[in-house]
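Structural characterization, general
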Amino acid sequence: MVPESKQEAEANEKLDVMRHSTAHVMAEAVLSMFPDAKFGIGPTIENGFYYDFDLPRTLTPDDLPVIEEKMREIVAADTPFVREEMTKAEARKLFAGQPYKLELIDELPEEMVTIYRQGAFTDMCRGPHVGSTGEIGAFKLISIAGAYWRGSEKNPMLQRIYGTAFNTQREIEEYLQYQEALKERDHRKIGKDLDLFVFSDLVGKGLPILTEKGSIIRRELERFVVDEEIKRGYKHIYTPDLAKVELYKTSGHYPYYKDTMYPVMKIDEEELILRPMTCPHHYQYYASQPRSYRELPFRIAELAKQFRYEKSGELLGLMRVRMFCLADSHIICQKEQTINELHQVIDLIEHVASVFGFEHGKEYRYRLSLGDRKDEEKYYKDDEAWDYAEAVLRDVLIQRKTSYFEAENEAAFYGPKIDIQMKNIAGREDTAFTVQYDFVSPKRFGLTYIDSDGQEKEPIVIHRSSIGAIERTMAFLIEHYAGAFPVWLAPVQVMVIPVSDRHLDYANKIGAELKKDGVRADVDSRSERMNLKIRQAQLDKVPCMLVVGDREVENGTVSVRLRGGGQLPAEPFGRFSKAIKKTITERARELVTLDS
RNA sequence: GCCAGCGUAGCUCAGUGGUAGAGCAGCGGUUUCGUAAACCGCCGGUCGACAGUUCGAAUCUGUCCGCUGGCUCCA
């Protein structure tokens, strides 16, 4: 998101053209292997390209080097890319045996289409392309995947080949090495290495078990958010994870969520479901008594477990699960209070993000998620309310002078939202936090308040999550810190390491004192060498190691080794203890700062 | 859910038709050591599950379960 210079922009554009041409060369290679191949589309993507094919047999990874070899021959032959224009009628004749291309031709608004030929391969394509196949740089085919034609599961599934291309072989190697390095940050790998969470086939997929260490992190996050919200005027409550299905029919969620809800449980003439959302429970709390305008904004918050059926192929570690805990809230307010409330919500989210060290424009970006007036299946019908709500959210973002992007067809059924989008290590973007404007629920539930003029009026609801779904936020944090958590989140904050067994008493005394003060300190009392203990504490990413030997016992000091490898001179224990406690309460990201 | 690949000890992995191996971890011992791996020994697996082919299956086939990469979907 750093603005690129003119030269960079030109170089990137050139690279993009070359990648697109590489996709065409791959298509030619595939055509030579399968003369009956039907072609889908073959665009460029970040770092490479893909092409979708309908082939007489499924591809295996062994096919990739064969295709690559064929591609190299095409590049070596240095055949020119030839551009041609023709009428749609002519194009239909040319692509008579290509049903997918015919479909695309039919949908083009222009009368003329452009085609590119190179060697035996002809494709309908806007271009541009490199002059000839010899201009193609270094490339490598990466993987095979299934992909529905035009992205709809109702369409046939095509075979997609992903490839990467750069100007030089060296850049490819660097890129591949970088990809390998990213795998080391994958929260699933770190979760296993640091023993943060596990899965059991018997418990079920998408249902993580947090270990003791993982649970410490979660508890810290929960304490942090609950305290912060209570400070900011939220009422923190508990509501049941189950509800009668009628609740969700009343709320209007049922038709939109029935595919993602778990089946109804019938018991004693009642029909219960595991809740996919918390909102209707919160409305029932609000509606339990008549409300005055003096009580608004009425901010209800809960760490709410929610249950959603996600297709098995969509599950991803802690990032995508079937039961998650959302730091959820519903703010019921007067229409004229919404803008101020929205600012306060975003202030809270930005505060949380800054404590985590997530930077706007780097780790996250704002997405204004809009509805689609024409899609009455997916969105509640009320054009005027949509226009108003979208304008309010847009104004809030503009008032904050923050950059954002707009996305059509990403809203909730009850209104537009501002989503805080974060990228995971694999480059996939997900919603971390969300703020939603809801003009539907108050009507559905008959939520009202008595205004100062004694009239009964309809409020607005703002749905929001402050630290998002805790599982997902943990996943983002694990990847963000690569497992090296700031002290307040670290499962073990201090590891006391005696140099030899005779220093154990002193080590235990220090450990006990830290624990008494609420510091998560462990003593590595095994009969092992100090070097091994240091190594293990390093691998476990323990922020502070206190090495204690003869010198420390004698002087009542500790020798502080920091996770980064940095080492502080021997410190009086009291001074270290004070410093670490300060680091923890402040939720600082520095490991320890010793006052002079 | 769909397409493809994968599943061997707690972890990382070797073993491709003749009946299972390494390193680390764990356990027992020796060592008592100053900032990222001391040494010796031991234990550990119905090779994801179930069916089939075969004289014989970790290895071949089928079904199921799980994981990985995509597609679709989403906090």
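Just so you know, the residues in each chain are numbered from 1, in the order the chain's sequence is written. Labels are handed out in written order, letters beginning with A for the chains and numbers beginning with 1 for the ligands. In keeping with the predicted nature of the model, local features appear solely for residues at pLDDT of at least 70, side-chain atom pairs appear and are counted solely at 80 or more, and the whole-chain, interface and lining totals rest on all residues. Each side-chain value is worked out from all heavy atoms of the structure, with water and hydrogens disregarded.

Thoughts on the sheet that holds strand S5 (residues 112-118)
If you trace the 3 strands from one edge of the open sheet to the other, you get S4-S5-S6, paired in antiparallel fashion. Each edge of the open sheet is held by one strand with a lone partner, namely strand S4 (82-87) and strand S6 (121-124). In this sheet, neighbouring strand axes are inclined to one another by 30 degrees on average, regardless of whether the strands run parallel or antiparallel. Here helix H1 (residues 6-33) sits on the sheet and contacts S5 and S6; the angle it forms with S6, its principal contact strand, is near 130 degrees. What makes two strands pair is DSSP finding at least two bridges between them. Helix and strand assignments follow DSSP, with helices taken as H or I runs no shorter than four residues and strands as E runs no shorter than two, numbered in order from the N terminus. For helices, the fitted line uses only the C-alpha atoms of the stretch in contact; every axis is such a line through C-alpha atoms, and the angle between N-to-C directions lies from 0 to 180 degrees. The contact definition used throughout considers only heavy atoms, calling two residues in contact when any of these lie within 4.5 Å.

So, the environment of Leu242
In this structure, Leu242 sits in strand S12 (residues 242-244). Residue exposure (1.4 Å probe, protein chains only): buried if accessible area is under 20% of the type maximum, exposed if over 50%, otherwise partly exposed. Judged by its relative accessible area of 36%, Leu242 falls in the partly exposed class. Sequence-wise, Leu242 and Pro276 are 34 residues apart; in three dimensions their C-alpha atoms are separated by 9.4 Å. If we skip the residues at most four places from it in the chain, Leu242 touches Met265, Leu272, Ile273, Leu274 and His281.

Examining the nonpolar core
By convention a nonpolar core is built from buried Ala, Val, Leu, Ile, Met, Phe, Trp, Tyr and Cys residues, the set being connected through side-chain atoms within 4.5 Å. Residues Leu221, Phe356 and Ile418 are the most contacted members of the largest nonpolar core, which totals 67 residues. Here this core takes 9 residues from helix H11 (residues 338-356), the largest share from any one element. Ala27, Phe34, Leu59 and Leu141 belong to the second-largest nonpolar core, a separate cluster that totals 33 residues.

Topic: the pairing of strand S17 (residues 364-369)
S17 sits mainly inside the fold: 5 of its 6 residues count as buried. Across 4 bridges, S17 lies against strand S18 (residues 404-407) in parallel orientation. Opposite Ser369, over in S18, you have Ala407 as the bridge partner. In this fold, S17 hands off to helix H12 (residues 383-399), which returns the chain to S18; that crossover is right-handed. The handedness rule is simple: strands pointing away from the viewer, and a clockwise path from the first strand over the helix to the second, make the crossover right-handed.

Thoughts on the packing of H1 against helix H2 (residues 63-77)
For the pair H1 and H2, interaxial distance at closest approach is 9 Å and the crossing angle is 110 degrees. It follows from the interaxial angle that H1 and H2 lie roughly perpendicular. For the element pair H1 and H2, the recorded crossing hand is right-handed. Touching Thr22, Val25, Met26, Glu28, Ala29, Val30, Ser32 and Met33 of H1 are Asp63, Val66, Ile67, Lys70, Met71, Ile74 and Val75, all from H2. For this classification, under 35 degrees means roughly parallel, over 145 means roughly antiparallel, 65 to 115 means roughly perpendicular, and everything else is oblique. Crossings are sorted by hand: turned counterclockwise from the far helix by less than a right angle, the near helix makes the crossing left-handed, and turned clockwise it makes it right-handed.

Brief notes about the side chain of Asp52
Looking at where Asp52 falls in the secondary structure, it is placed in strand S3 (residues 48-54). Among the residues examined, Asp52 registers a relative accessible area of 3% and is labelled buried. Once residues lying within four places of it in the same chain are set aside, the contact partners of Asp52 are Lys38, Phe39, Gly40, Ile41, Ala147, Leu158, Gln159 and Arg160.

A look at the confidence of the model for chain A
Note: pLDDT gives the predictor's confidence per residue, expressed from 0 to 100. Of all residues in chain A, 99% attain a pLDDT of 70 or more, and the chain-wide mean is 92. Scoring of the predicted complex yields 0.94 for pTM and 0.94 for ipTM.

Quick look at the environment of Phe197
Assignment of secondary structure puts Phe197 in strand S9 (residues 197-198). Taking C-alpha positions, Phe197 is 30 Å from Tyr366, a pair spaced 169 residues apart along the chain. If near-sequence neighbours (up to four positions away) are discounted, Phe197 is found in contact with His187, Arg188, Gly191, Ile209, Leu210, Thr211, Leu318 and Ile478.

Focus: unusual backbone geometry
With omega at -10 degrees, the peptide bond leading from Leu296 into Pro297 counts as cis. Of note, Pro297 is situated in the loop between helix H10 (279-286) and strand S15 (298-307). For Asp195, which is not glycine, the phi dihedral falls at a positive 60 degrees. Turning to its location among the elements, Asp195 is positioned in the loop between helix H6 (187-193) and S9. Although it is not a glycine, Asp268 sits at a positive phi angle of roughly 50 degrees. Along the polypeptide, Asp268 turns up in the loop between strand S13 (265-267) and strand S14 (270-274).

Brief notes about the protein's contact with RNA strand B
One heavy atom within 4 Å of a molecule or strand is enough for the residue carrying it to be called near that molecule or strand. Every one of the 55 residues lining RNA strand B counts as a neighbour, but Arg320, Thr431, Arg529, Arg535 and Ser559 are closest to it. Looking at RNA strand B alone, sugar and phosphate atoms form 50% of those within 4 Å of the protein. Interatomic distance of 2.6 Å between a side-chain N/O atom of Tyr148 and a base nitrogen of RNA strand B. Side-chain polar atom of Lys205 to a phosphate oxygen of RNA strand B: 2.9 Å apart, as the coordinates give it. Mapped by element, the contributors of at least two residues to the surface near RNA strand B are strand S7 (138-148), strand S8 (157-166), H6, strand S20 (429-438), helix H16 (530-539), helix H17 (550-555) and strand S27 (557-562). Broken down by element, the residue count for the surface near RNA strand B peaks at 7 residues, all from H16. Per-class residue counts for the surface near RNA strand B are 19 nonpolar, 13 polar and 23 charged. N or O atoms within 3.5 Å of each other form a polar contact, as long as, within protein, one can give a hydrogen and the other can take it, and as long as residues adjacent in sequence are counted only when both atoms are side-chain atoms. Residues are grouped as follows: nonpolar covers Ala, Val, Leu, Ile, Met, Phe, Trp, Tyr, Cys and Pro; charged covers Asp, Glu, Lys and Arg; every other residue, Gly included, is treated as polar.

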